[in-house]
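As a plain string of letters, each chain reads:
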Amino acid sequence: GGTGPAKKRKTGEDSYEAEDDDDADLGEDEDEELGSDDDDEEEELDTDNLVLCQYDKVARTKAKWKAQLKDGLVHLTLANGTTRDFVFKTSLGDLNFQK
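A brief structural summary.

Conventions and cut-offs
Residues numbered from 1 in each chain as written. Predicted model: local features only at pLDDT ≥ 70, side-chain atom pairs only at ≥ 80, totals over all residues. Heavy atoms only, no water. Helix = DSSP H or I, 4+ residues; strand = E, 2+ residues; numbered from the N terminus. Buried < 20%, exposed > 50% of the residue type's maximum accessible area, 1.4 Å probe, protein only. Contact = heavy atoms within 4.5 Å.

**Some remarks on the overall build of the protein chain**
- The secondary structure content of the protein chain amounts to zero helices and five strands.
- Taken from N to C terminus, the helices and strands of the protein chain fall in the order β-β-β-β-β.
- Sorting the 99 residues of the protein chain into buried and exposed places 7% on the buried side.
- When contacts within the protein chain are restricted to residue pairs at least 6 apart in sequence, those whose partners lie at least 24 apart make up 36%.

This is the structure in structure tokens:
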């Protein structure tokens, strides 16, 4: 089975859905070892709150986005300085972006 990056399938004008691809040919030698020369340079994130997850579906209408998320972690820094971590199996989100 394939373990490569997930493919996106366009489902509407501005809507995308995750697509599983178990038959992907990665073209890699499975016996090849990974080394530190393969690592990408990582930039430091300067944020108090973070969401790491996979998506099932994302749709946009003008500045409003709807997202179906799965298998995620939410890291929040509260106003009093304490931090909270939450894990979730599925989540629905409505996001509004303004300029």
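Read on for the rest.
**Some remarks on the environment of Leu95**
- Position of Leu95 among the secondary structure elements: in strand β5 (residues 83-96).
- A relative accessible area of 39% places Leu95 in the partly exposed class.
- With 29 residues separating them in the primary sequence, Leu95 and Lys66 have C-alpha atoms 6.3 Å apart.
- If we skip the residues at most four places from it in the chain, Leu95 touches Ala63, Lys64 and Trp65.

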